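Listed here are the chains, written in short residue letters.
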Amino acid sequence: DTNTFAPTNYARDYANGSLAQTGSVVGSLVHNFLGNRLGNIRGCVNDPFVAVIGLHFNQKEISGFGHNGNIYGLLLGLDFVHECSENSHLRYGLSTSYFQSKLTFFGQSSAKGKDSKQINYLATLFGSYEHFNGRHLKRWFGGSVGGGYVDTKMRRCDPLDVHYAADFAGLQLHMRGEGVVNIFRRKDMQMGPWVAISFDLIHQQGYEETAPLGGLHTASISAVDHSFLNSIIGWNMEKDLTCRDNGKSCVGISGKIGWDCQVLRNHSNPIANVNGAGYKPYAPTFGYRNRNSMVAMLNYRHLFCRHWEFVTHWQGNFNGTYKANQLSGSIGYNF
């Protein structure tokens, strides 16, 4: 009976989708850090760099489903600057990164699943065009593309208080582009429209899911592809970079607010069998749908002693049935 396993399938789809979405978050973390490396700060030109990045996030869905967790990573990169004119230049480079994530899922019951762990290895190519009006950033367009390997150890609990374990691997593709055009200016503040679009494809290999009940709930899960398409239109506000001591210490603050349209889809996720018997494939619905929400971001960047760079980033998404908060920090060194 398909309905017998419906709550389990419901919870599995949410766990699978959330773990895949973590890969999307990792790609965005890398892009956000690389996008903050504007070339108008001395000491950030034609540099290799290393960064340690950390993130805490909390996400809640309807019906009590949700998760919270942490992401930590190490990023190594190299970028170059090509001067197009006195007031504009191109920045391009590459990076490689390692991220480790830990998620805890909770469902409709009081019981909570054990921590799920995921490791992402991601290589990224990126580039940006920056145009200045004197020392003021007038236009910025940036893009990145990355790919990598994902190793997942899923531990979850469904609404029937049954705990499950599964280990599987996967592949990841991340692409993102965005642009800012500052058209208004008042004193040391400037603002203008902001547009961003990103696409993520996460391929999860097939796996065996087991529960400690004599194999009663053991299931073979076929491979699944998750795709995430995000488009954002909004408003950018930023304060001019303030530098002292001939550029040895610089501070930048920016904020964004907009409307985030996210399309989540999985292309196939049939259950091959349960207890070794043929089983009708389950059509997942939870977590795979269009999701529209308000998005807000705050960034603080501080470069000191010409080499050290500290960046903090907060992002929040909100609508009537969904809320997510991300708080990340990174410290980098430009050689």
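As shown above, the structure is provided for reference.
Residues numbered from 1 in each chain as written. Predicted model: local features only at pLDDT ≥ 70, side-chain atom pairs only at ≥ 80, totals over all residues. Heavy atoms only, no water.

Participant: Where do I start with the overall build of the chain in this structure?
Facilitator: Regarding its fold elements, the chain presents 1 helix and 17 strands. Buried positions account for 51% of the 335 residues belonging to the chain. Counting every atom, the chain has about 14700 Å² of accessible surface; 61% of that belongs to carbon and sulfur. (Helix = DSSP H or I, 4+ residues; strand = E, 2+ residues; numbered from the N terminus. Buried < 20%, exposed > 50% of the residue type's maximum accessible area, 1.4 Å probe, protein only. Areas by Shrake-Rupley, 256 points an atom, 1.4 Å probe, with all protein chains shown as cover.)

Participant: Please clarify how the pairing of strand E1 (residues 48-60) should be interpreted in this entry.
Facilitator: Consecutive residues of a regular strand have side chains that alternate between opposite faces of the sheet. Relative to strand E2 (residues 66-85), E1 runs antiparallel, the two sharing 13 bridges. What sits directly across from Gly-54, in E2, is Tyr-72. Sheet topology note: the E1/strand E17 (residues 323-334) ladder contains 12 bridges and is antiparallel. Within E17, the residue paired with Ala-51 across the bridge is Gly-332. (Pairing = 2+ DSSP bridges.)

Participant: I keep staring at the environment of Gly-17 and nothing clicks. Help me out?
Facilitator: Relative to the elements of secondary structure, Gly-17 occurs in helix H1 (residues 6-35). Gly-17 gets classed as buried once you look at its relative accessible area, which sits at 12%. A C-alpha to C-alpha distance of 9.9 Å links Gly-17 and Phe-228, two positions 211 residues apart in sequence.

Participant: Where do I start with the pairing of strand E3 (residues 88-106) in this structure?
Facilitator: The sheet contact formed by E2 and E3 spans 19 bridges and is antiparallel. Bridging from a neighbouring strand, His-67 pairs with Phe-105 of E3. The loop that links E2 with its antiparallel partner E3 comprises 2 residues. Where E3 meets strand E4 (residues 116-133), 16 bridges bridge the pair, whose relative direction is antiparallel. Bridge assignment links Ser-97 to a residue of E4, and that residue is Leu-122.

Participant: Could you clarify how one ought to interpret the packing of aromatic side chains in this entry?
Facilitator: Aromatic rings considered in pairs are described by the distance between their centres and by the relative angle of their planes. A complete count under the given rule lists 6 aromatic pairs for this structure. Linked through ring pairs, Tyr-98, Tyr-121 and Tyr-149 together constitute an aromatic cluster. Over the aromatic face of Trp-194 sits the side chain of Lys-256, whose NZ or CZ is 5.6 Å from the ring centroid. (Phe/Tyr/Trp six-rings, centres within 6.5 Å; stacked < 30°, edge-to-face > 60°. Lys NZ or Arg CZ within 6 Å of the ring centre and 35° of its normal.)

Participant: Just checking my understanding: could you explain the pattern of salt bridges for this structure?
Facilitator: When their charged atoms lie close together, side chains carrying opposite charge are able to pair. Tallying each qualifying case throughout the model produces 6 salt bridges. For Lys-153, the salt bridge is made with Asp-167, and the minimal N-O distance between the two is 3.8 Å. Placement of the pair is Lys-153 in strand E5 (residues 136-157) and Asp-167 in strand E6 (residues 163-181), with a sequence separation of 14 residues. Given the relative accessible area of 43%, Asp-167 is considered partly exposed. A salt bridge links Arg-155 to Asp-167, with the shortest nitrogen-to-oxygen separation between them at 3.0 Å. Of the two residues, Arg-155 sits in strand E5 while Asp-167 sits in strand E6, which places them 12 residues apart along the sequence. Arg-155 gets classed as partly exposed once you look at its relative accessible area, which sits at 23%. Several salt bridges converge on common partners, so that one network encompasses Lys-153, Arg-155 and Asp-167. (Salt bridge = Lys/Arg side-chain N within 4 Å of Asp/Glu carboxyl O.)

Participant: Got a minute to help me understand the side chain of Thr-152 in this structure?
Facilitator: Mapped onto the secondary structure, Thr-152 falls in strand E5. At a separation of 3.0 Å, a polar atom in the side chain of Thr-152 contacts the side chain of Gln-118. In this view, Thr-152 contacts Leu-19, Lys-117, Gln-118, Ala-166, Asp-167 and Phe-168; residues no more than four positions away in its chain are not counted. (Polar contact = N/O pair within 3.5 Å; in protein donor to acceptor, adjacent residues only side chain to side chain. Contact = heavy atoms within 4.5 Å.)

Participant: What is the right way to look at a nonpolar patch on the surface in this model?
Facilitator: On the surface, Leu-78, Phe-80, Leu-90, Tyr-92, Leu-94, Leu-125, Val-145, Leu-173 and Met-175 cluster together into a nonpolar patch covering about 720 Å² of accessible area. Of all elements in the fold, only E2, E3 and E6 reach the threshold of two or more residues within the nonpolar patch. In terms of residue count, E3 provides more of the nonpolar patch than any other element does, 3 residues in total. Secondary-structure assignment places Tyr-92 in strand E3. Overall, the relative accessible area of 43% leaves Tyr-92 in the partly exposed class. (Patch = residues over 30% accessible without salt bridge, like charges linked within 9 Å, V, L, I, M, F, W, Y side chains within 5 Å.)

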